Each structure stands twice: as structure tokens, then as C-alpha cells.
There are 2 protein chains.
Amino acid sequence: MNVPTKVEVIEVGMRDGLQMESDFVDTGTKIALINGLMDAGVRHIEATSFVSPRAVPQLADAADVLAGAHRPSGSRFAVLAPNLKGVERAIEAGADEIVVFVSASESHNRKNLNRSIDRSLDDISNIAAQVQHADIKKKGAIACAFGCPFEGDIELSALMRIVGHFHAVGFRALTLGDTTGMATPALVEHTVAAIRDDYPDMRLTLHFHNTRGIGLANVMTGLNAGIDSYESSIGGLGGCPFAPGASGNICTEDLVYLLNEMGIETGIDLDKLIAVATRMEAVLGRTLPGQVMKSGPRLRLHEYEDAACATG
Amino acid sequence: MNVPTKVEVIEVGMRDGLQMESDFVDTGTKIALINGLMDAGVRHIEATSFVSPRAVPQLADAADVLAGAHRPSGSRFAVLAPNLKGVERAIEAGADEIVVFVSASESHNRKNLNRSIDRSLDDISNIAAQVQHADIKKKGAIACAFGCPFEGDIELSALMRIVGHFHAVGFRALTLGDTTGMATPALVEHTVAAIRDDYPDMRLTLHFHNTRGIGLANVMTGLNAGIDSYESSIGGLGGCPFAPGASGNICTEDLVYLLNEMGIETGIDLDKLIAVATRMEAVLGRTLPGQVMKSGPRLRLHEYEDAACATG
């Protein structure tokens, strides 16, 4: 076992979660939610996306969100940037990090970005050149890294070609995105080992969805492989267009609860995090999939007198 | 790593799940659900409970369920039996195995069984003597093995005293029950190791609830410790009276999906299992927490033409 003593939890609910919401969440509310996350100790957040406001109207206020949020010292505000124009807007808005993505699946990439993987890789080269002298970090992200809803399994060689491209143009941080919840412990172990062998200086982040209920089982596999960076969403916000009713991203509070109970340092206060998740439920007007927000931490005790027991 | 190549999945939804349901599920429906589970390849089931029909009216038809269900060769129909009277009824009804339980928490045991742990241990001695010459297996179960909703943490010495008693009166199979979802990977690792050290011939089963979202993370820890027997509930049926809205037992389909994807043999057909979970939802008239039943197995592909993608 090679379990890290400290883990970075990257909150992606404000981007990966909110982008699925059709009712616009006003900018002030978004800022208040982000400030709540920072107050809970979150220090790395994917705060918004500089995609076309026409494509994702929910995130049209990206620059205002970045300008208005409290950004404590040591925090890193990442933003998704799909193209040169988006990167330019992200730099202007003062983002700390851009996340540049491509899908490991040709059909998913065409559906999502309306271009071939090869053309996306060219875009990534151009973006790398564009930010070379800018004061901004860059991170790659590969969607459908563990499977595609149209194509099924992704060949490891196809994935490795993309990892290699990111590496060649200077990326040293990479997220493996389990966009539609197809990761399994076996795949995670295999994929992480392959990338580590070929690119030992690439820092990996794992981004799981709980679409098939095994998101935190995959985190356990990642931890055992020594991976110390995970993306999750407050309340388990998010979803998958191919699995109506199923869960979205793994839930930040449940992840932090798990890590805290394993004695792994996150720097995040669980009670404050639960308060933000509860506020997110109120904002969206519906129940979110998070569990710890419903049950409370394990040592929240109950009154003996009022309690009913189920037998066994 | 010491991950087993084969795992026994024990279905407990018909007992631990249904006992929480206030609307009576008719006997024919219960039998049909059990037959569906057997057809899917489940071979070990906690089918019902010989508790007082006044205490749990839902399971008042225990003998009829056992008499009516298809019991394929090699199957094991276990039943909960809280006292000498229950054991007698279980033997008469032709159960293959009785499960005899006590809580690791004094206050939970009083609330649940209306007696002290010491008195429950005496009952267990008497039951062991009663079944000594009967053609029935016996298994112990310890509720609140990983924590109590009234008392919080359970001292390992308190747990070990109970394990020792079961062992002394001849039990060689024991379920550690995470009755209200308080198990964590650290606790599981620690507890399993302690019992193994002192009682290497005691076969352990882990019974987790997903109350705080980390049920399958705990399974991963159990697997890494070599534990090859787990209890789960179809659809994730069940619940915890202390966490309204939170999940119940870990979900059988999600567990079987995880194990199958890890290459661990279960003998269970996932598609048939999902069909039973779907039927259970129809019987109860509500959505259950299971995820794979909503999303389908990972290689169920989607039509490219009709699909919408979320960015990233």
C-alpha cells in the first residue's frame, strides 16, 4: 500500500455540476457558494468555464464569478477553456489555471467539441504556445478516459497517444475524466500504471462519476496506487445525460468524510462543507445524491429515548 | 494485496430491507422476488426472520415464504432467529441456517432486543446447545460492530468479548454488521485483523450500509484484507432510522457489478439481478438507491445520433 498522507480535493461542482442546470443560478449566489467552499478550506476549485455563452448560458458570467469570489492566499481558481478565445478570456479574468480538454473517444470528441481528436490536439499545441509566457498554470483533461458511451472500451494506445501529446507540448498535470461513470478498479489500476511508466513526471488527478455506484471504490484504488489528487462535486451535483436518475460526480462531502476517516489530510472542514451542500440543495430546489449531508458524520449521536430500532 | 478470486454475495434485502417496509408485501410476491434472485444465481440469502409477528408484521409469513420459494441445489436459505422460540420455528420451517445476533453496544442491544448484552450472550449459549444435533447451520451476527448511534465508537475489547463468546459456544461463522453505516476503511482493517489474530478459524462476513456513501469503499478494504463474504440488499433496499433519506444496505447489483469488473467470481448474472431490483421498485412503488439499475452495465452503448453531451 502506498496511500498518500495528504490529498488535494478539487471542487468541480460549480463547473461540471452547474453546467447541467438549465435554470440560471445568479452570479451572486454562485459567488456565495464559492466563498462557502473556500471558508470550508477548499483551496483548488474549477470555478467556471470560458466556453461560448451560447453553448452553456449557465456559465456566461464566468468573468464576473472570478472577479467577485473571495480568493484566499494559496487558493487555485481553475477554469475550463476549450479554445484560444476561451484561454484569452481566462487570462484576462485572472484565472490561476486553465484546464484544456479532449476526449479519448473520437465520437465523443466530435459530439462534445465538434472536431476530430487530431484537430483538438492541434488546438492544444496552439494553446500551450499561447500561454507559454502568461502567468497562468495549465492542466490537461481527458474526457472518457475509462470508456465512451458510444464506443465502449477505449484502447490504452489511443489514450496514451493523447497523454503523450499533452506531455510533448509541456503539460505536467493531467486529469483522467470518467465522464460517464465507466471507470472500474481494474481499469484505474492499469491506466495509472501505464501512464506512470511512460510519463513519471506527469501529475495525475482522477475525476470520477458515481453513475454506477462505485465512484469511491475507484478512489480507494487510486489511493492504493498513491494518487493524491481527486475531483468531486459538492452534494454530488452533476449527472450524465446517458443515465437519467443516476448520480453525477462523486460527492465532495462523502469523499472528504472518507479521506478524513482514513487519516488522510485534506485541510477541509466537513461540517462547513455539508453546510454548502445544504445551501446548494436550497438553491437548486431539489435533493442531491450526497449521503453524509443526510446522515451527518459518524459520531453525530442520537437520543436514546426517542429512538426506534430496526431488528438486526 | 490479498484480493479473493471468488466472493459469496449474501442477499439480505428480503429481511434487512423488507423489515423496514410498513406496507405488507404479499407472500406470493416475496416468493417471486426470491425465485428471481435464485434465477440470477444468488445462492445464499437471508430470506426472512423468525421474530415475533407482532414486532415485525412484514415477516409474519416467514414459514410460508420458506415453504414456497424455489430452493435450488447448493442454495443456502438463512433466517434471522432472535430466541429459542424463533430457532424452533426456523428448524420446523426447514431453514438451512439460523443467524443469531447481539449488538456490540449495550444501549442498542437493550433498544433492539430489550435485554442486556450479557443476557443475549446467555441466550446464544442456549441456542447453540439447542441446535447442536439439529441439521441446521448456525451463524453469529454482531450489530453495531463499527459504532453505535447512541454510544459512538465501540471499544475493540467489547467487540472481542462477543466474538470470543460466539467462538466458545461453537460458532465458526460471524457477520460484522454495520447497522447504521458507521464503518470506515480504517475501522474495517483494524477490526478484521484483530479477529483474525485471535480467532483464525472464524469465517467473517461483512455487512455494510451505505448511509454515509462509503459502503463500497469499505468493501474494497475488506477485499484487500482477503474477506470473501459480503451482505447486500437488492436495489439498496433498507435504511437507517437515524438517517432519514440516506441509503440503506449496500446495493447488491452495484456490489456484483464492482466484483464482476474486478474479475472476482460471484456466479451472479448482473442483468437478471437488475431485473429483480426493477421489480422490487415496482412492488414498493418508489425509486431505490441502486445506481447500476439506472445506468446499466458499463458497456451498454448509446446511439450517437440521439445523444446530447455535456461539455467536459
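All of these numbers come straight from a predicted model, not from anything done at the bench.

### Digging into the overall build of chain A
Of regular secondary structure, chain A possesses twelve helices and eight strands. The C-alpha atoms of chain A give a radius of gyration of 19 Å, which matches the 20 Å a tight globule of 312 residues would have. Its C-alpha atoms give chain A principal-axis dimensions of roughly 65 × 40 × 35 Å. Classification of the 312 residues of chain A by burial places 54% in the buried group. Nonlocal contacts in chain A, meaning residues at least 24 apart in sequence, comprise 73% of its contacts between residues at least 6 apart.

### Points about the sheet that holds strand 5 (residues 137-143) of chain A
Residue and element names in this part refer to chain A. If you trace the eight strands once around the closed barrel, you get 1-2-3-4-5-6-7-8, paired in parallel fashion. Averaged over all pairs of adjacent strands, the angle between strand axes in this sheet comes to 25°, irrespective of strand direction. Relative to strand 8 (residues 229-232), strand 1 (residues 8-11) runs parallel, the two sharing four bridges. The partner of Glu-8 across the bridge, within strand 8, is Ser-229.

### Details of the relation of the copies chain B and chain A
Note on the identical chains: chain B maps onto chain A by a rotation of 180° and an axial translation of 0.0 Å, with an RMSD of 0.0 Å. Both copies of the chain, as the preceding transformation shows, are related through a two-fold rotation axis. The rotation axis passes nearest to the C-alpha of B:Ala217 in chain B, at a distance of 2.3 Å. Mapped onto chain A, 98% of the interface residues of chain B again fall at the interface, so both copies present the same surface.

### Examining the pairing of strand 7 (residues 203-207) of chain A
Residue and element names in this part refer to chain A. Of all five residues making up strand 7, four are buried, and the element is well covered by its neighbours. Alignment of strand 6 (residues 173-177) against strand 7, held across five bridges, turns out to be parallel. By the bridge assignment for strand 7, Thr-175 is matched with Thr-205. With respect to chirality, the unit in which strand 6 leads through helix 8 (residues 185-198) into the neighbouring parallel strand 7 is right-handed.

### Here we look at helix 4 (residues 84-92) of chain A
Residue and element names in this part refer to chain A. Every buried residue belonging to helix 4 is among Gly-86, Val-87 and Ala-90, and all of these are buried. Looking down the long axis of helix 4, one finds its buried residues gathered within 100° of arc, a one-sided arrangement. Exposed side of helix 4, more than 90 degrees from the buried face: Lys-85 and Glu-92 are the residues found there. Tucked inside the fold, the buried residues of helix 4 contact strand 3 (76-80), strand 4 (97-103) and helix 6 (117-130). Note on helix 4: the residue one or two positions beyond its end, Gly-94, has a positive phi of about 80°.

### Observations regarding unusual backbone geometry
Residues and elements named next belong to chain A. Look at Cys-144: it is not a glycine, yet its phi comes out positive at around 55°. Tracing the backbone through its elements, the reader meets Cys-144 in the loop between strand 5 and helix 7 (156-168). Residue Cys-144 is classed as buried on the basis of its C-beta count, with 27 C-beta atoms lying within 10 Å.

### So, the interface of chain B and chain A
How big an interface is tends to be reported as the loss of accessible area on association of its parts. Across the contact, 63 residues belong to chain B and 62 residues belong to chain A. Put simply, the parts of the chain that give the side of chain B that touches chain A at least two residues each are helix 5 (106-113), strand 5 (137-143), helix 8 (185-198), helix 9 (215-224), helix 10 (252-261) and helix 12 (292-295) of chain B. Here the side of chain B that touches chain A is built from residues that sort into 35 nonpolar, 21 polar and seven charged.

### Observations regarding the sheet that holds strand 6 (residues 173-177) of chain B
Residue and element names in this part refer to chain B. An order of 1-2-3-4-5-6-7-8 is seen for the eight strands of this closed barrel, with the pairing classed as parallel. Geometrically, the sheet is characterised by an average inter-axis angle of 25° between neighbouring strands, direction not taken into account. Across the sheet, helix 6 (residues 117-130) lies against strand 4 (97-103) and strand 5, angled at about 165° from strand 4, the strand it touches most.

### Things to note about the pairing of strand 1 (residues 8-11) of chain B
Here two bridges tie strand 1 of chain B to strand 2 (residues 44-49) of chain B, and the two strands are oriented parallel to one another. Across the sheet, residue B:Ile10 finds its bridge partner in strand 2 of chain B, namely B:His44.

### Digging into the environment of A:Gly86
Residue and element names in this part refer to chain A. By the secondary structure assignment, Gly-86 is in helix 4. Residue Gly-86 is classed as buried on the basis of its 20 C-beta neighbours within 10 Å. In contact with Gly-86, not counting residues within four places along its chain, are Phe-50, Val-51 and Ala-81.

### Things to note about the nonpolar core
Of all hydrophobic cores here, the largest spans 187 residues; its most connected members are A:Val79 and B:Val79. Apart from residues no more than four positions distant in its own chain, A:Val79 is found in contact with A:Glu46, A:Ala47, A:Thr48, A:Ser49, A:Phe50, A:Ala62, A:Ala90, A:Ala95, A:Ile98 and A:Val99.

### Topic: helix 6 of chain B
All names here are of chain B. Here helix 6 contains 14 residues, and its C-alpha end-to-end distance of 20 Å stays within 8% of the 20 Å for a straight helix at 1.5 Å per residue. Residues of helix 6 that are buried include every one of Ile-117, Ser-120, Ile-124 and Ile-127, and no others. Here the buried residues of helix 6 occupy an arc of 70° about the axis, which is enough to place them on one side. Residues of helix 6 that are buried sit in contact with helix 4 (84-92), strand 4, helix 5 and helix 7 (156-168).

### A closer look at the packing of helix 8 of chain B against helix 9 of chain B
All names here are of chain B. It is the contact of helix 8 with helix 9, at a shortest axis distance of 9 Å, that shows an interaxial angle of 30°. The angle between helix 8 and helix 9 places the two elements in the roughly parallel class. The chirality of how helix 8 crosses helix 9 is right-handed. Only Ala-217, Asn-218, Thr-221 and Gly-222 of helix 9 make contact with helix 8, whose side of the interface consists of Pro-185, Val-188 and Glu-189. For the contact of helix 8 with helix 9, the class distribution of residues is three nonpolar, three polar and one charged.

### Some remarks on the confidence of the model for chain A
Chain-level pLDDT for chain A is 94 on average; 97% of the residues reach the 70-or-more range. Scored by ipTM, the complex comes to 0.94, with pTM at 0.96.

### Considering the packing of helix 9 (residues 215-224) of chain A against helix 9 of chain B
The description of two helices packed together rests on the angle between their axes and the distance between the axes. Packing of helix 9 of chain A against helix 9 of chain B leaves a shortest axis separation of 7 Å and a crossing angle of 40°. Considered as vectors, helix 9 of chain A and helix 9 of chain B are oriented oblique to each other. Like other packed secondary-structure pairs, helix 9 of chain A and helix 9 of chain B cross with a definite hand, here right-handed. Residue-level contacts link A:Leu216, A:Ala217, A:Val219 and A:Met220 of helix 9 of chain A to B:Leu216, B:Ala217, B:Val219 and B:Met220 of helix 9 of chain B. A per-class count over the contact of helix 9 of chain A with helix 9 of chain B returns eight nonpolar, no polar and no charged.

### Overview of the environment of B:Ala225
Residue and element names in this part refer to chain B. By the element assignment, Ala-225 lies in the loop between helix 9 and strand 8 (229-232). Assessed through the 20 C-beta atoms surrounding it within 10 Å, Ala-225 is described here as buried. In this structure, the C-alpha to C-alpha distance between Ala-225 and Pro-4, residues 221 residues apart in sequence, is 8.9 Å. Apart from residues no more than four positions distant in its own chain, Ala-225 is found in contact with Asn-2, Glu-189 and Val-192.

Thresholds, definitions, all that
Residues numbered from 1 in each chain as written. Chains lettered and ligands numbered in written order. Predicted model: local features only at pLDDT ≥ 70, side-chain atom pairs only at ≥ 80, totals over all residues. Helix = DSSP H or I, 4+ residues; strand = E, 2+ residues; numbered from the N terminus. Rg over C-alpha atoms; globule rule 2.2 N^0.38 Å. Buried ≥ 20, exposed ≤ 12 C-beta atoms within 10 Å, placed from the backbone. Contact = placed C-beta atoms within 7 Å. Pairing = 2+ DSSP bridges. Axes fitted to C-alpha atoms, helices over the stretch in contact; angles between N-to-C directions. Least-squares fit on C-alpha atoms with pLDDT ≥ 70 in both. Right-handed = clockwise from strand over helix to strand, strands pointing away. Arc of directions from axis to C-beta. Nonpolar A, V, L, I, M, F, W, Y, C, P; charged D, E, K, R; others polar. Core = buried A, V, L, I, M, F, W, Y, C linked by C-beta atoms within 7 Å. Expected span 1.5 Å × (residues − 1). Parallel < 35°, antiparallel > 145°, perpendicular 65-115°, else oblique. Left-handed = near helix turned anticlockwise from the far one by under 90°. pLDDT = per-residue confidence, 0-100.

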